[in-house]
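An overview of the molecular structure
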Amino acid sequence: MSKIPVYLMPGLAASTAIFERIALPEDRFEIHLLEWEIPLDNEALMDYANRIAKKIKHKNPVLIGVSFGGILVQEIARCIAVSKVIIISSVKSNLEFPRRLKIAKTTKAYKLIPMSLILNLENLAKFSFGEKVNQRLKLYKKFLSVRDIRYLNWAVEQVVLWNRTVADPDVIHIHGDADDVFPIKYIKNCIVVKGGTHIMILNKYKWLNENLPSIILETKKEANALSQLL
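These remarks concern the structure in this document. Since the model is a prediction, treat every value here as computed from it, not as a measurement.

1. Here we look at the side chain of Ser67
Following the sequence through the fold, Ser67 ends up in the loop between strand S3 (62-66) and helix H2 (68-76). The exposure class of Ser67 is buried, given its relative accessible area of 9%. For Ser67, the contacting residues outside a window of four places in its chain are Gly11, Ile88, Ser89, Ser90, Phe182 and His198.

As structure tokens, this is what we get:
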């Protein structure tokens, strides 16, 4: 039996190191890591997704994306045929955005964010992973690797202006009930991880390692039933 190709996309500004503790049974799955690239001038999200999609060398892969990476893999799935899309600590449409992001879009306040200040590691950690990061700041030095100001300007704008209003019913969504970037109260139809924060890819890796294999292998209907049990 051939192995199932699983491609992992990290969150905004994050390196593939965030997946270092994710381990799937090697007899069934083959993990491949996708990395952020610096966007081209005025590159649309769909064009960027198509460019990243060209790095996927397997037919019908499983795509797993974290946070902004979850948004990106949903766009990649519009470019190529995939067997499954799983998002973690992310959103399925802009209707799941918290109020502050909706306000940022309406007022264009995101354009006023001084990206040169965000390049400071502490600010970047807060921006990418949420407010509760100070005590673990040293840990994030290895995870936040993309500090190019052009990338940050582009990425923030792509998140705020993401125009998907209808969630893909086939996307499987794993979300923590303590996520402070995308609060659970705005999220619908997801597998809830108790105590999971926006960085649960790092500190809930045991839960993910235990449950991802069955989530990948199950049908959407079975995954929904699983969400009621976990």
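2. Considering the side chain of His173
Structurally, His173 can be placed in strand S5 (residues 172-176). Taking relative accessible area as the criterion, His173 reaches 2% and is therefore assigned buried. At 3.0 Å, the side chain of His173 forms a polar contact with the backbone oxygen of Ser90. Among the polar contacts listed, one links the side chain of His173 to the side chain of Lys92, at a separation of 2.8 Å. Each residue touching His173, except ones within four places of it in the same chain, is listed here: Ile87, Ser90, Val91, Lys92, Glu96, Ile187, Lys188, Asn189, Cys190 and Ile191.

3. Things to note about the packing of aromatic side chains
Where two aromatic rings form a pair, the distance of their centres and the angle of their planes describe that pair. Taken as a whole and judged by the stated rule, the model has seven aromatic pairs. Each ring, one from Trp36 and one from Phe68, has its centre 5.0 Å from the other, and the planes form 10°; the classification is stacked. Here Trp36 is found in the loop between strand S2 (29-33) and helix H1 (45-53), whereas its partner Phe68 is found in helix H2, with 32 residues between them in sequence. Per residue, the accessibility class of Trp36 equals that of Phe68, and both read buried. Put simply, the rings of Trp36, Tyr48, Phe68, Tyr151 and Trp154 touch in pairs and so form one group of aromatic residues.

4. Digging into the sheet that holds S5
Strand order in the open sheet made by the six strands is S2-S1-S3-S4-S5-S6, with parallel pairing throughout. Sheet topology places S2 and strand S6 (191-193) at the edges, where each strand pairs with a single neighbour. Strand-to-strand twist across the sheet, computed as the mean angle between neighbouring axes with direction ignored, equals 20°. Contacting strand S1 (4-9), S3 and strand S4 (84-88), H2 crosses the sheet at an angle of about 150° to S3. Across the sheet, helix H9 (residues 205-217) is in contact with S1, S2, S3, S4, S5 and S6; its angle to S4 comes to roughly 155°.

Calculation notes
Residues numbered from 1 in each chain as written. Predicted model: local features only at pLDDT ≥ 70, side-chain atom pairs only at ≥ 80, totals over all residues. Heavy atoms only, no water. Helix = DSSP H or I, 4+ residues; strand = E, 2+ residues; numbered from the N terminus. Buried < 20%, exposed > 50% of the residue type's maximum accessible area, 1.4 Å probe, protein only. Contact = heavy atoms within 4.5 Å. Polar contact = N/O pair within 3.5 Å; in protein donor to acceptor, adjacent residues only side chain to side chain. Phe/Tyr/Trp six-rings, centres within 6.5 Å; stacked < 30°, edge-to-face > 60°. Pairing = 2+ DSSP bridges. Axes fitted to C-alpha atoms, helices over the stretch in contact; angles between N-to-C directions.

The quantities given are spatial measurements derived from coordinates; they are silent on function.
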